[in-house]
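Here's the letter readout for the chains.
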Amino acid sequence: MALIFPVFDFRFYFLVYFCLLGFFFNSATVFSEVDVEYDRDVRSILSDKCFECHGPDAINRKADLRLDTADFISEIVAPGQPALSDLFLRITNSDASERMPPLDSGNALSSAEVATLKRWIEQGARWKKHWSFISPKRPPSPYLKDRGWSSGAIDQFVLAKLQSAGLQPSSQADKETLLRRVSFDLTGLSPSLVEIDAFISDSSPRAFEKVVDRLLASPRYGERMALNWLDAARYADSHGYSLDRRRVMWPWRDWVIEAFNKNLSYDQFVIEQLAGDLLPEATLAQKVATGFNRNHSIQSEGGVIDEEYRVETVVDRVETTSAVFLGLTFGCARCHDHKYDPISQEEFYAFYALFNNVPERAHVGNSDKQADQPFLKAPSVLQYEQLAKLRINEKQLVTKIDDNLLPHEMTEKVWIDDNFPEGVDALGNGGGGEVFEFVNRPDHPVYSGNRSHRRSSQGRGQHLVQNAKVGLSINDNTTLFSYVYLDPNNPPKQIMLQWNDSKSWEHRAYWGEGKIEWGQENTSSRKKIGPLPKTGEWVRLEVEAKKVGLDAGTKITGWAFTQFDGTVYWDRSGLIYPQKSKKEKQLDAIRDKLTKLEEQVPTTMVMGEKSPPRKTFVLNRGQYDQPGEVEVNVGLPSALGRWPINVPRNRLGFAKWLVSRGNPLTARVTVNRLWQMHFGAGIVTSSEDFGAQGEWPTHPDLLDWLADELIVTDWNLKAMHKQIVMSSTYQQTSRVTPRLLEVDPMNRLLARGPRFRLSAEMIRDHALSASGLMVDRIGGESVKPYQPPGLWGEVVFTNVPRFQQDHGEKLYRRSMYTYWKRSVPPPNMQVFDAPSREVCVLKRPSTNTPLAALVLMNDPTFIETSRKLAERVLRESETNSIRVDSLYLLICGRKPKPMEHRLLLGALNDMLIDFRADRSSAADLMTVGESDYDRSFDLVDLAAFTSLANAVFCTDEAITRN
Amino acid sequence: MTTEENAAIFETRRQFLGRASAGIGSAAFASILNPRLLSASGGFPNFAPKAKRVIYLFQNGAPSQFELFDNKPEVVRRHGDPLDHSFFQGQRLTGMTSGQKDKRICKSIFQFKQHGQSGIELGETLPYLGKVVDEIAIVRSMQTEAINHDPAVTFFQTGFQQAGRPSAGAWASYGLGSENSDLPAFVVMLSQGSAKRNSQALYSRLWGSGFLPSEHQGVQFRSIGDPVLYLANPKGISSARRRRMLDLGKELNRRHHEKLGDPEIVTRIQQAEMAYRMQASVPELMDTKSEPDNTFALYGENARKPGTFAANCLLARRLAERGVRFIQLYHRGWDHHSDTPRDMPLQCGDIDQPSAALISDLKQRGMLDETLIIWGGEFGRTVYAQGGLNMDKYGRDHHPRCFSMWLAGGGIKGGTTYGTTDDFSFNIIKDPVPVYDLHATMLNCLGIDHEKLTFKFQGRHYRLTDVHGNVVKGLLA
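What you are looking at is a predicted structure, and each value in this text was computed from that prediction instead of being measured. (Residues numbered from 1 in each chain as written. Chains lettered and ligands numbered in written order. Predicted model: local features only at pLDDT ≥ 70, side-chain atom pairs only at ≥ 80, totals over all residues.)

### A few points about the overall build of chain B
Under the convention used in this document: Comment: elements are numbered from the N terminus, with helices defined as DSSP H or I runs of at least four residues and strands as E runs of at least two. Atoms counted for the radius of gyration: C-alpha only. Globule rule: 2.2 Å times the number of residues to the power 0.38. Field definition: a residue is buried when 20 or more other C-beta atoms are found within 10 Å of its C-beta, exposed when 12 or fewer are, and partly exposed for counts in between, with C-beta atoms placed from the backbone. By definition, residues are in contact whenever their C-beta atoms, placed on the basis of the backbone, come within 7 Å of each other.
When helices and strands are counted, chain B shows 14 helices and 17 strands. Taking 477 residues into account, the globule formula puts the C-alpha radius of gyration at 23 Å, and chain B, at 24 Å, falls close to it. Taking the principal axes of its C-alpha atoms as reference, chain B extends roughly 85 × 50 × 40 Å. Taking all 477 residues of chain B together, the buried fraction comes to 58%. Taking the contacts inside chain B whose residues are at least 6 apart along the sequence as the reference set, 74% of them involve residues at least 24 apart.

Here it is, written out as structure tokens:
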């Protein structure tokens with residue numbers, strides 16, 4: 001058999017690697033005949049080894065020497081003559097105590113680095129500003145002979161580099177692989193069987209382009225693009241820090257999906273998220289968009305000092321905004337001037353001032369209901385439409401009712417007569433010496449029925465009923481009434497009625513003098529209705545419910561009868577209200593719906609501006625309680641450019657500068673991340689750092705060309721994605737030949753197609769969608785699918801709610817809708833490198849661990865989806881032979897090869913025999929996951945295909961886009 | 001040569017690389033896959049390690065130094081005296097007592113006793129620790145910068161108050177890798193304190209890997225459900241069936257690798273195999289029924305109850321025996337803003353016997369010398385009572401300026417105390433130990449120069465000790 005696994009001599013290939021590739025990368029490299037470029041080769045050495053003491057940081061600078069600007073060349077370098085250059089003499093001094101960098105710094109230069117510096121001096125010591133701070137200019141694409149392979153500028157740039165390294169591009173990937181690759185990249189999902197068939201059988205030259213257009217138009221596109229953006233924006237469903245309780249920010253998340261789906265131009269996407277609230281006549285959506293910078297964690301611990309965490313919040317905005325849009329790490333300049341990049345501490349605070357004026361507190365309480373200010377109500381599209389419709393109906397009905405002013409019949413509801421209402425607590429000894437009693441004719445006056453209730457009192461006396469289970473509802477225009485008889489021989493000085501609305505007794509009406517001091521005079525808590533009624537006869541007392549603060553919709557659960565001195569008889573008490581017309585009842589029903597719907601409308605946190613503005617000072621050592629004396633105004637680090645003219649000095653002006661030609665970074669940083677999405681690594685692999693410590697771009701001209709292309713196409717993201725995936729570079733096979741593995745193990749030169757593991761969300765979504773379980777509704781409240789028991793309980797604060805799993809369709813929504821609790825992120829996604837979302841993440845690692853294997857093997861989600869996939873192939877195909885092919889096709893996106901087919905069929909037969917002998921295990925397996933199984937199939941078939949599906953899902957191919 | 005033989009050779013190489021990538025110290029060959037590692041590699045351990053592993057018994061919520069480790073006769077004499085404002089010298093107070101007008105000095109109701117040859121004093125609620133006091137070094141001069149739990153615990157565990165940095169265990173895993181191919185290098189176990197009312201929260205970032213590759217994150221071993229998340233096969237899938245399923249997957253993977261040549265596929269096969277081995281090795285590890293009765297006599301009967309601190313201490317010993325690099329326990333329930341008289345004995349009842357047992361057990365097995373044990377919380381507590389001076393219910397607020405911890409085992413000088421606080425345990429008057437120094441000392445015991453263990457992220461070389469840290473020589477044997 002042929003040699004399949006190459007055997008390496010490591011040391012040999014190590015050398016080969018450096019000899020062949022060294023000159024492409026900035027690192028400790030051995031240089032061949034290539035020119036040394038300051039920017040690519042020299043600055044990285046100086047930055048890594050020297051800037052700590054001789055860089056932008058003025059305070060810690062030693063010997064007043066800085067090596068990050070051009071000035072040092074005239075001071076310590078003699079161009080062309082290393083032997084006369086102080087720089088070279090110092091780094092090569094044979095006296096270790098004189099040699100730079102100092103021995104104890106841990107920054108010793110390697111001999112290769114010394115050689116590079118020497119060669120640079122020999123070649124004339126030319127200096128250049130750091131590449132990423134120079135605005136990109138559209139480079140001409142290289143003219144190459146191989147026009148057959150290249151399909152456009154991208155391929156020209158890539159091919160030029162390959163040819164200079166003596167490499168050739170790989171052939172095109174097969175159709176199945178290509179379709180699966182582009183489907184995951186653009187929609188996060190594998191292609192359906194129909195889509196596979198359609199593409200395979202489409203032999204037109206535009207077949208692939210049609211697929212790309214279909215994917216870009218799919219609503220799944222917006223979800224897939226949002227996935228990366230949620231990491232960047234540190235989006236979560238909880239506040240983070242210690243209590244980490246629920247928050248609602250998903251209206252912002254839904255805005256992002258919608259923005260991608262409608263292909264909002266990226267410049268507008270940036271402006272609205274950073275400063276949508278400051279746009280003239282900002283729409284609700286534009287304000288919701290500013291939630292980008294409210295996704296930060298918010299403290300809630302009891303002893304927190306508010307200002308300390310408000311400062312952390314603003315710093316978080318600076319760090320996130322600078323990393324996402326500028327590819328720079330501003331955070332370092334919080335405490336001191338940046339060690340590597342030209343950002344002074346003062347410039348940090350000038351930037352900080354942009355985000356320092358939000359009218360916020362940095363502390364949410366220990367409650368799920370609280371959103372931190374500022375926030376607004378943000379109905380979903382559906383809610384918005386429903387609300388609008390109801391409001392129209394409401395308006396129409398109101399007009400009709402106004403036209404219809406007929407007198408109403410009255411409805412009377414008696415609550416207390418011969419008896420108190422059922423289920424109340426009656427109290428009779430509220431002071432005054434005597435308890436109340438029910439009395440009869442003929443010794444006592446009675447108004448209706450057989451009894452009245454009587455009480456004598458010295459001073460204030462009261463009896464009452466309360467805590468009624470079934471309350472008495474107040475309607476519009478309700479009048480409360482009681483019949484009263486004052487004893488002419490012993491009249492009281494004051495009588496009072498009092499009602500409880502289940503919250504308080506602060507609803508009182510009285511007649512006579514003002515002896516009883518409860519409540520506040522002339523408010524609904526103590527309202528005088530008139531003088532005492534005539535004694536010796538039954539009088540009906542009436543009180544408009546509104547006057548004592550009882551509005552329509554409230555319920556009375558208690559009624560109190562109070563007097564000051566005297567003897568008083570009470571009888572028949574209740575309320576009357578005008579009966580409603582049919583229209584009025586309809587109106588009530590609509591208003592009821594409106595109220596309920598409005599309660600459901602989520603809030604979402606947004607940006608806002610405080611007035612008068614908060615002042616910003618440099619914080620000494622970055623400490624919140626050590627502000628400096630000089631006020632800092634909003635501004636840009638001078639290395640990045642000037643604040644444009646005619647643009648306000650606020651977030652809006654800043655956002656407009658970001659997407660202007662004057663900013664060298666945003667377009668590059670953006671296309672680099674798009675590239676990373678499709679190739680697994682950016683052209684600048686440190687996609688979060690374009691500064692002096694970042695990586696040198698593998699294809700600088702391509703990066704600049706793409707950046708310019710993005711700008712000239714009006715920041716059209718879909719067009720950029722299309723351009724990338726239509727390139728031959730993207731469409732190469734990802735097969736790794738031993739030679740390519742030797743020469744370019746990380747595939748930086750792109751002599752083959754990109755191959756990498758799917759993201760956590762895509763892996764779960766793939767399982768859900770292949771099985772047919774996936775519910776594809778977009779947006780809305782986050783959901784809580786299966787997770788192992790007890791995870792929250794182990795860590796959360798005593799009185800913070802525990803995890804409550806959802807059921808039904810919420811188990812099968814796309815993974816991006818899974819509730820994200822920062823202190824306990826979804827465990828089955830965490831092992832596949834999904835971040836906690838506590839801080840901005842622009843590049844996820846891709847690990848390969850046993851814990852991840854366990855998730856695929858045993859998480860109920862992956863067993864349940866295997867079950868459903870088993871049902872699906874049993875239902876859709878006739879024979880086991882076709883079924884295993886279709887199972888494999890659903891999971892891996894291609895039909896198995898004959899050998900694989902035999903393996904699968906053999907394994908299936910073993911499993912069938914196994915489960916036939918053990919039907920109870922087969923039945924057990926069907927109980928994993930909450931969806932039922934289709935009883936029309938044999939348990940043994942179901943179990944065997946379930947195991948087969950799960951085994952295939954555990955393979956590398958299932959969870960990798962090739 | 002057959003395919004299988006070649007595969008074996010290839011796998012050997014991958015295992016080697018796999019291990020190398022799991023710990024930068026293993027080999028420079030990792031650079032074949034990632035040449036950038038070359039510059040980060042520091043050849044770990046940098047010098048002969050005194051300890052092979054760490055067992056960190058973290059006491060979440062911050063135990064009080066006044067009741068346990070730092071006896072203050074002057075506090076007893078001045079009990080009830082009000083503290084005037086000048087006393088605080090600008091110390092920040094939490095929002096819980098910054099508005100409390102009347103702050104009175106509060107003594108401990110617990111007596112102190114001398115123990116062992118060294119005669120070190122301990123609070124009366126720690127009788128078992130007293131018996132092994134000659135093995136431990138008490139640091140009375142710990143100091144931190146944070147005054148609230150979340151930032152303070154995050155600082156202790158990651159060297160930084162805000163989220164996002166790797167935990168100490170992840171750094172150790174990154175630097176030294178694992179010594180056991182069937183278990184993770186960094187294992188975490190949690191337990192609830194008996195003083196349940198005072199349970200402050202924990203967060204998985206405390207054992208997270210931050211910007212380090214996530215294979216270095218702590219793996220939580222749990223007492224509820226599966227001991228490791230998703231470890232058990234689902235109902236209906238026996239171990240034999242799982243084996244058959246994995247064999248199919250392995251064969252499909254192998255063929256796929258033949259076609260594509262990506263070494264990542266071989267790693268995938270290996271990780272699935274390790275998962276399968278963990279399905280046996282972890283339950284075996286967690287099953288302490290085979291331990292003889294004298295084990296439970298040593299650790300206490302609570303060690304039979306899964307999820308207790310005692311059970312976790314016993315598991316810590318079993319993990320140490322199996323070569324796990326960093327074993328982190330968290331015990332909750334120490335946040336005694338009130339009810340110290342009730343809750344302190346409850347909490348000490350949880351931890352005293354098992355902590356002491358762990359020391360004696362490791363010693364009798366000859367493993368104490370190679371294991372560094374650390375015990376302590378995230379800050380100290382105030383000399384004044386929070387709320388009133390009611391000796392049945394008194395409590396203390398957070399105090400970052402000084403507090404006590406103890407260390408034992410590999411590299412540590414037993415039977416000593418280090419650092420001195422003033423008469424009110426308010427300020428340190430000798431030998432302060434900032435958190436960074438504890439980290440530097442811990443890494444030193446593991447044979448790591450804390451300034452060399454770095455990782456480049458966002459353009460900067462990060463380390464556990466940031467730009468700080470001095471090894472506390474006075475603690476070392």
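Once the structure has been displayed, the description carries forward.
### As for the overall build of chain A
For chain A, the helix and strand inventory stands at 32 helices and 20 strands. Scaling as 2.2 N^0.38, a compact globule of 962 residues should have a C-alpha radius of gyration of about 30 Å, whereas chain A reaches 38 Å, well beyond that. Along the first, second and third principal axes, the C-alpha set of chain A runs to 125 × 80 × 55 Å. By residue count, 50% of the 962 residues in chain A fall in the buried class. Long-range contacts, defined here as pairs at least 24 residues apart, represent 71% of the contacts in chain A between residues at least 6 apart.

### Digging into helix H8 (residues 175-187) of chain A
Residue and element names in this part refer to chain A. The condition that has to hold: Any helix carries an expected span of 1.5 Å times its number of residues minus one.
For H8, built from 13 residues, the straight-helix expectation of 18 Å at 1.5 Å per residue is met to within 8% by its first-to-last C-alpha distance of 18 Å. Counting buried positions along H8 gives eleven out of 13 residues, so the element sits mostly inside the fold. Within the sequence span of H8, burial applies to Thr 177, Leu 178, Leu 179, Arg 180, Arg 181, Val 182, Ser 183, Phe 184, Asp 185, Leu 186 and Thr 187.

### Quick word on unusual backbone geometry
All names here are of chain A. In this model, Arg 441 is joined to Pro 442 through a cis peptide bond whose omega is 0°. Between Ser 611 and the following residue, Pro 612, the backbone shows a cis peptide bond with an omega angle of -5°. In this structure, Pro 612 sits in the loop between strand E16 (603-605) and strand E17 (617-619). The phi dihedral of Asn 263 falls on the positive side, at around 55°, and the residue is not glycine. Note on placement: Asn 263 falls in the loop between helix H12 (250-261) and helix H13 (266-275).

### Some words on the interface of chain A and chain B
Here is the rule we go by: Polar here means any residue outside two lists: the nonpolar Ala, Val, Leu, Ile, Met, Phe, Trp, Tyr, Cys and Pro, and the charged Asp, Glu, Lys and Arg; Gly therefore counts as polar.
In this complex, chain A contributes 89 residues to the contact, which on the side of chain B involves 79 residues. Put simply, the parts of the chain that give the side of chain A that touches chain B at least two residues each are helix H1 (10-21), helix H24 (738-743), helix H27 (850-858), helix H28 (860-876), helix H30 (898-916), helix H31 (919-925) and helix H32 (939-953) of chain A. With seven residues, the top contributor of residues to the side of chain A that touches chain B is H27(A). A breakdown of the residues in the side of chain A that touches chain B according to their chemical character gives 47 nonpolar, 25 polar and 17 charged.

### Considerations on the environment of Asn427(B)
All names here are of chain B. Relative to the elements of secondary structure, Asn 427 occurs in the loop between strand E13 (420-421) and strand E14 (428-430). Using a count of 16 C-beta atoms within 10 Å as the deciding quantity, one classes Asn 427 as partly exposed. In this structure the C-alpha to C-alpha distance between Asn 427 and Pro 400, which are 27 residues apart in sequence, comes to 9.5 Å. Other than its neighbours up to four places away in sequence, Asn 427 contacts Arg 401, Cys 402, Thr 421 and Asp 422.

### Some words on the domain arrangement of chain A
We apply this condition: Marked domain ranges trace back to an automatic or database domain assignment.
By domain assignment, chain A separates into domain 1 (35-128), domain 2 (174-217), domain 3 (381-406 + 584-601), domain 4 (410-580) and domain 5 (858-961). The C-alpha centroid of domain 2 of chain A is placed 53 Å from the C-alpha centroid of domain 1 of chain A.

### With respect to the sheet that holds strand E6 (residues 460-466) of chain A
Residues and elements named next belong to chain A. Applicable threshold: At least two bridges found by DSSP between two strands are what make those strands a pair. A fitted line through C-alpha atoms represents every axis, and for helices the fit uses only the stretch in contact; the resulting angles, taken between N-to-C directions, go from 0 to 180 degrees.
The six strands are arranged E3-E6-E14-E9-E10-E11 in an open sheet whose pairing can be described as mixed. Each having just a single partner strand, strand E3 (425-427) and strand E11 (527-530) make up the two edges of the open sheet. Taken pair by pair, the neighbouring strands of this sheet meet at an average axis angle of 15°, ignoring direction. Pairing of strand E10 (residues 508-512) with E11 involves three bridges; the strand directions are parallel. Residue pairing for E11: Ala 509 is matched across the bridge by Lys 527.

### Quick notes on the nonpolar core
Spelled out, the test is: To form a nonpolar core, buried Ala, Val, Leu, Ile, Met, Phe, Trp, Tyr and Cys residues must be joined through C-beta atoms within 7 Å.
Ranked by internal contacts, the top residues of the largest apolar core, which has 193 residues, are Leu887(A), Leu948(A), Val952(A), Val54(B) and Leu407(B). For this core, the element with the highest residue contribution is H32(A), accounting for eleven residues. Setting aside residues no more than four positions away along its own chain, Leu887(A) makes contact with Leu869(A), Val873(A), Phe945(A), Leu948(A), Ala949(A) and Val952(A). Core analysis: the next-biggest nonpolar cluster, separate from the first, contains 113 residues, Leu264(A), Phe654(A), Leu750(A) and Tyr817(A) among them.

### A closer look at helix H22 (residues 717-725) of chain A
Every buried residue belonging to H22(A) is among Leu717(A), Lys718(A), His721(A), Gln723(A) and Val725(A), and all of these are buried. Against helix H7 (153-164), H8, helix H10 (207-217), H13, helix H20 (666-679) and helix H23 (728-731) of chain A lie the buried residues of H22(A).

### Some remarks on the pairing of strand E9 (residues 380-386) of chain B
Residues and elements named next belong to chain B. Burial analysis of E9 places seven of its seven residues in the buried class, which makes it a mostly covered element. Taken together, the four bridges between E9 and strand E10 (residues 395-399) define a ladder with antiparallel strand orientation. Residue Arg 381 lies in a different strand from E10, and its bridge partner there is His 398.

### Section: the confidence of the model for chain A
To be explicit about the condition: As a per-residue measure, pLDDT tells how confident the predictor is, with possible values from 0 to 100.
On average, residues of chain A score 90 in pLDDT, and 95% of them reach the 70 mark or higher. Contacts of residues 1-33 of chain A to residues separated by more than four positions or lying in other chains number 49 contacts, the stretch itself having pLDDT below 50.

### Remarks on the confidence of the model for chain B
Residues and elements named next belong to chain B. Averaged over all residues, the pLDDT of chain B is 87; the fraction at 70 or higher stands at 91%. Looking at the elements of chain B, mean pLDDT is at its lowest for helix H2 (residues 30-33), recorded as 26, and at its highest for strand E8 (residues 371-376), recorded as 98. Confidence over residues 1-41 falls short of pLDDT 50; this stretch has 71 contacts with residues more than four positions distant or in other chains. Interface confidence for the predicted complex, expressed as ipTM, amounts to 0.77; the pTM equals 0.79.

### Side note on the environment of Pro801(A)
Residues and elements named next belong to chain A. Relative to the assigned elements, Pro 801 resides in the loop between helix H25 (760-771) and helix H26 (827-830). Here Pro 801 falls in the exposed class, since 10 other C-beta atoms lie within 10 Å of it. For Pro 801 and Asp 368, which are 433 residues apart along the polypeptide, the C-alpha to C-alpha distance reads 8.9 Å.

### Concerning the environment of Tyr812(A)
Residues and elements named next belong to chain A. Within the secondary structure, Tyr 812 is located in the loop between H25 and H26. The buried category is assigned to Tyr 812, around which 24 C-beta atoms lie within 10 Å. Separated by 37 residues in the primary sequence, Tyr 812 and Val 775 have C-alpha atoms spaced 5.5 Å apart. Residue contacts for Tyr 812: discarding those within four places in its chain leaves Leu 768, Leu 773, Met 774 and Val 775.

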